[in-house]
Amino acid sequence: MNYSRFLTATSKARRRNPIRHTGEKHMNIISRAPKTLISLAPGSPNPNMFPFKSVAFTVENGNTIQFEDEMIKRAFQYSSSNGIPELLSWLKKLQIKLHDPPTVHYPPNEGQMDICITSGCQDGLCKTFEMLISPGDTVLLNEPLYPGTLCAMKPLGGNMINVPSDEHGIIPEGLKKILSRWKPEDSKDPTKKTPKFLYTIPNGSNPTGNSLTGDRKKEIYELARKYDFLIIEDDPYYFLQFDKPWAPSFLSMDVDGRVIRADTFSKVLSSGLRVGFMTGPKCLIERIVLHTQASTLHACTLSQLMISQLLHQWGEEGFLAHVDRTIDFYKTQRDLVLAAADKWLSGLAEWHVPKAGMFLWIKIKGISDTKELIEKKAIEKQILLVPGNGFYIDSSAPTSFFRASFSMVTAEQMDMAFQRLAQLIKESL
Ligand code: PMP
């Protein structure tokens, strides 16, 4: 793979932050050095002057995670831009277990799998888009999609092309049709502006709840090979897939090293700790880390240590058992929201059964623009929902859709909300 052809001028121009680099090199020397070594090098503040002296978190199984003495100094200190080593190595094992990426043993500059930890996967995605999109570049995605992606992508000035999709995700035939504007060899000619990447949310998509099937992924991956574009797999709802076996990820089929995968602990451990991780070819992950060296420096050390300690206490099995408990909760919520929708909205609206995640994407029949209904009239009736237009590239275009989240409400609240909504729709028709 010729990775450099995908990079923006800004990303290509990024160089190592010399202080960060030297600091990381010195940490290595210090860890192996005799006691006589004197270091006047670090620019880190002296942690003895930090006021926090100990902290303990109680975990639901009664275990605690405790930081004191040297650990608390480390938890409140700067750390490596790609992430703390013990969490990185744990995550590498997890990715190999879950996805078994073909690239694990590739040479470093030929697509070898690498991981970096970011401040939530939003941070990793935002840096990925800045790494790849120059004004006028073609990028493929499937609407409706997560507004956080649109916010990060739109200002970069790419030509965003919507690929048709249905309740099973992107439709490969639709993608083929779009790609037929180019010849496969056009990717060698930058003036032809062949697509640089396809971005998709493969499981429990925000906002539709739809999931892409394994067979479609295989067809899409083959098209990526033929037309030589990257795939950005934004998968925050991976650990909230309701039915097993889970469809194979794009990362698991990545024989070329063309997939950048975004994962996060936001939906299963904590969204406020802001810890996510990007997995992909080393040459591209390194660019994200260089960006981090110039911006946030690293994801919060305390957050990373908390998660790392918990994962080491639990082990892979314990983590996956927690994931299963979380899935049980969201699956029950999904079934409750569907029951409430069936009871009150049948005949008035349409929806698909979400396969993962926390959202129901609802189309109101006979109302072409839900904006006013959702933003004004629904609030007057004491229901908060998200109008659909914000999930499209052109957010000014009308849509009959809106998003209902089922993560935080009780069965009674769902029932009451849809009863009120049904009444409102009837009044508005
Ligand atoms: N991608 C999608 C599709 C999301 O729904 C979200 C969170 N709502 C994110 C990325 C960002 O997640 P994080 O909290 O890891 O930054």
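Visitor: An account of the overall build of the protein chain is needed here, citing residue identities and associated values.
Guide: Counting its secondary structure elements, the protein chain contains 12 helices and 15 strands. A compact globule built from 429 residues should have a C-alpha radius of gyration of about 22 Å, and the protein chain, at 23 Å, falls within 12% of that. Relative to its 429 residues, the protein chain shows a buried fraction of 51%. Restricting to contacts in the protein chain with at least 6 residues of sequence separation, those with at least 24 account for 73%. Total accessible area on the protein chain is roughly 19800 Å²; 55% of this is exposed by carbon and sulfur atoms. Once the 51 positive and 46 negative side-chain charges of the protein chain are each reduced to a mean point, those two points are 4 Å apart.

Visitor: Let's hear about the pairing of strand 13 (residues 359-364): which residues, and what values?
Guide: The buried fraction of strand 13 is high, at five of six residues. Summarising the sheet, strand 12 (residues 349-350) and strand 13 pair through two bridges and their orientation is antiparallel. When the bridges of strand 13 are listed, glutamate 350 appears paired with lysine 363.

Visitor: Run through the packing of aromatic side chains, naming residues and quoting values.
Guide: The tally for this structure, following the rule as stated, stands at 14 aromatic pairs. Both rings, one in phenylalanine 129 and one in tyrosine 199, keep their centres 5.8 Å apart while their planes meet at 70°; by these two values the pair is edge-to-face. Here phenylalanine 129 is found in helix 5 (residues 120-132), whereas its partner tyrosine 199 is found in strand 8 (residues 197-200), with 70 residues between them in sequence. A residue is classified by how much of its surface remains accessible, and phenylalanine 129, at 1% relative accessible area, is buried. Chaining the aromatic ring pairs together yields one cluster made of Trp90, Tyr238, Phe239, Trp246, Phe265, Phe277 and Phe319. Above the face of the phenylalanine 6 ring, arginine 5 is positioned so that its terminal group lies 4.2 Å from the ring centre. The lysine or arginine in question, lysine 217, covers the ring of phenylalanine 250, its NZ or CZ lying 6.0 Å from the ring centre.

Visitor: Could you give me a rundown of the sheet that holds strand 14 (residues 386-387), with the residues and numbers involved?
Guide: Sheet architecture is open: four strands sit in the order 12-13-15-14, paired in antiparallel fashion. Every other strand in the sheet has two partners, leaving strand 12 and strand 14 as the edge strands with one partner each.

Visitor: Tell me about the pattern of salt bridges, and please be specific about residues and values.
Guide: This structure, assessed with the given rule, holds 25 salt bridges. The residue glutamate 86 makes a salt bridge to arginine 74 at a minimum N-O spacing of 2.8 Å. Taken together, the residues span a long stretch of sequence, with glutamate 86 in helix 4 (residues 85-99) and arginine 74 in helix 3 (residues 69-75) at a distance of 12 residues. According to the relative accessible area criterion, glutamate 86 is partly exposed, its value standing at 24%.

Cut-offs applied
Residues numbered from 1 in each chain as written. Predicted model: local features only at pLDDT ≥ 70, side-chain atom pairs only at ≥ 80, totals over all residues. Heavy atoms only, no water. Helix = DSSP H or I, 4+ residues; strand = E, 2+ residues; numbered from the N terminus. Rg over C-alpha atoms; globule rule 2.2 N^0.38 Å. Buried < 20%, exposed > 50% of the residue type's maximum accessible area, 1.4 Å probe, protein only. Contact = heavy atoms within 4.5 Å. Areas by Shrake-Rupley, 256 points an atom, 1.4 Å probe, with all protein chains shown as cover. Lys, Arg positive; Asp, Glu negative; His and termini not counted. Charge placed at Lys NZ, Arg CZ, Asp CG, Glu CD. Pairing = 2+ DSSP bridges. Phe/Tyr/Trp six-rings, centres within 6.5 Å; stacked < 30°, edge-to-face > 60°. Lys NZ or Arg CZ within 6 Å of the ring centre and 35° of its normal. Salt bridge = Lys/Arg side-chain N within 4 Å of Asp/Glu carboxyl O.

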